[in-house]
Amino acid sequence: MKNGFKTLIASVLVFTMIGSTALSAASPAEEKPINQQQFNKVNDVVFQGQKIGTQEVSITYNRDVSSEGTTVNLHTETTYNFEPSTSEEVRELFKNTSKDDVIQENKNKEYFLNGEQITNETSSLIQNTPVGSQSMTAPFSSKDSGGKPSLCHYYGDYSVYSYACYSGMNLDSTANGSHVQKNSVPFSNAYTNRAQQTIDVFGADWMNLQAAQLAFVTATGVAILGIATIIAFIAGGVGAVSAAVVVLTTFNTCNSDLEKAYGYIGQM
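Below you will find a few notes about this structure. (Residues numbered from 1 in each chain as written. Predicted model: local features only at pLDDT ≥ 70, side-chain atom pairs only at ≥ 80, totals over all residues. Heavy atoms only, no water.)

For the rest of this paragraph, the subject is the overall build of the protein. Counting secondary structure elements, the protein contains four helices and 13 strands. Expressed as a percentage of the 268 residues in the protein, the buried residues total 45%. Long-range pairs, those at least 24 residues apart, make up 62% of the contacts in the protein between residues at least 6 apart in sequence. For the protein, the accessible surface area stands at approximately 12700 Å², while carbon and sulfur atoms represent 51% of it. (Helix = DSSP H or I, 4+ residues; strand = E, 2+ residues; numbered from the N terminus. Buried < 20%, exposed > 50% of the residue type's maximum accessible area, 1.4 Å probe, protein only. Contact = heavy atoms within 4.5 Å. Areas by Shrake-Rupley, 256 points an atom, 1.4 Å probe, with all protein chains shown as cover.)

Here it is as structure tokens:
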């Protein structure tokens, strides 16, 4: 972005589990499920190389087991605390949010997320590959760029820019949803700052998702990761449930970023 106008959320990854167990790959036979947990994550928000505040993510986990199966209610509150010198324009990028997710496992071991059945067979799978193996480069001719080219990005020469963005993504970082592309957009466009700033935020959140996935894989040792795997661990209430919850909530954040960026680009 012009004049180095970049945004980065640097994850401190500080977790507090109230009434929960440490991350592990323990099986249900070794560990008793816990039905109520609280996860708290604190991230530094760094803008133009300076810390401008903190992001606090609080996740409430409630698990209920009946003869019909298991239901988990996740309530996620994300709040930002800024340094007094932070401008209103920058504060507008980081809105406090509240989100509810419902995860269900029925007696047939079928999994549902917010009412939609989820299976690893019908969703994209992640082979256990190193974080950062996917490129985030821009065309050689560009002087300014941001985002992830396969999902949502911009590049230009500080006067004219090109943009391309999908409205959503899958857990394996493949594109999902609608696509928008705009070329030869002048920097003076009314939506330039909002689009570029949001894409920069998405780039940082995408890196946070890679870190969350790595933490989950490290805790569980799974060789192939799919969304149903994440859902199953959350429903199980044991082992790496906290790592699975962080993957899901960070995945939700990335999709929210994409939806906003897609909308801004569409209005250019």
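A ring pair, where both rings are aromatic, is described by two values, the distance of the centres and the angle of the planes. If you walk through the whole model with that rule in mind, you get ten aromatic pairs. When the ring of Tyr161 is compared with that of Phe187, the centres are 6.1 Å apart and the planes differ by 40 degrees; the resulting orientation is tilted. A residue pair is termed long-range when its members are at least 10 positions apart, and Tyr161 in strand S11 (residues 160-169) and Phe187 in the loop between strand S12 (175-186) and helix H2 (192-220) qualify at 26 residues. According to the relative accessible area criterion, Phe187 is partly exposed, its value standing at 21%. (Phe/Tyr/Trp six-rings, centres within 6.5 Å; stacked < 30°, edge-to-face > 60°.)

Scanning the model with the defined rule gives five salt bridges in all. In this structure, Arg91 and Glu88 form a salt bridge, with 4.0 Å as the shortest nitrogen-oxygen distance. You can see Arg91 and its partner Glu88 sitting in helix H1 (residues 88-91), three residues apart, about one turn around the helix. Judged by relative accessible area, Glu88 falls into the exposed class, the value being 56%. With a closest N to O distance of 3.5 Å, Asp101 and Lys99 form a salt bridge. (Salt bridge = Lys/Arg side-chain N within 4 Å of Asp/Glu carboxyl O.)

The element strand S10 (residues 152-156) is largely enclosed, with a buried count of four among its five residues. Two elements, strand S9 (residues 144-148) and S10, share five bridges in a ladder whose sense is antiparallel. By the bridge assignment, Gly146 is partnered in S10 with Tyr154. Hairpin geometry of S9 and S10 is characterised by an intervening segment of three residues between the two adjacent antiparallel strands. Two strands pair when backbone bridges link them, and S10 and S11 are joined in this way by five bridges, in the antiparallel orientation. Across the sheet, Tyr155 pairs through a bridge with Ser162, a residue of S11. (Pairing = 2+ DSSP bridges.)

As a further point, take H2. Taking 1.5 Å of rise per residue, 29 residues should cover 42 Å, and H2 covers 42 Å from first to last C-alpha, within 8% of that figure. The buried count for H2 comes to 22 of 29 residues, which makes it a mostly enclosed element. Where H2 terminates, the next one or two residues include Gly221, which has phi positive at roughly 75 degrees. (Expected span 1.5 Å × (residues − 1).)

Let us look at the packing of helix H3 (residues 227-236) against helix H4 (residues 241-266). Close contact between H3 and H4 brings their axes to 8 Å; oriented N to C, the two are set at 130 degrees. Of the possible angle classes, the one that applies to H3 and H4 is oblique. For the pair H3 and H4, the crossing hand works out as left-handed. Together, Ile227, Ile230, Phe233 and Ile234 of H3 and Val241, Ala244, Val245, Val247 and Leu248 of H4 make up the contact between the two elements. Its residues assigned to classes, the contact of H3 with H4 shows nine nonpolar, no polar and no charged. (Axes fitted to C-alpha atoms, helices over the stretch in contact; angles between N-to-C directions. Parallel < 35°, antiparallel > 145°, perpendicular 65-115°, else oblique. Left-handed = near helix turned anticlockwise from the far one by under 90°. Nonpolar A, V, L, I, M, F, W, Y, C, P; charged D, E, K, R; others polar.)

Attention shifts here to the environment of Ile231. Counting through the fold element by element, Ile231 comes out in helix H3. On a C-alpha basis, the gap between Ile231 and Val241 in space is 9.2 Å, while along the polypeptide they are ten residues apart. The residues contacting Ile231, other than those within four sequence positions of it, are Ile103, Tyr111, Phe112 and Leu113.

With that settled, the discussion passes to the side chain of Asp200. Looking at where Asp200 falls in the secondary structure, it is placed in helix H2. Polar contacts involving the side chain of Asp200 include one to the side chain of Tyr154, which spans 2.9 Å. (Polar contact = N/O pair within 3.5 Å; in protein donor to acceptor, adjacent residues only side chain to side chain.)

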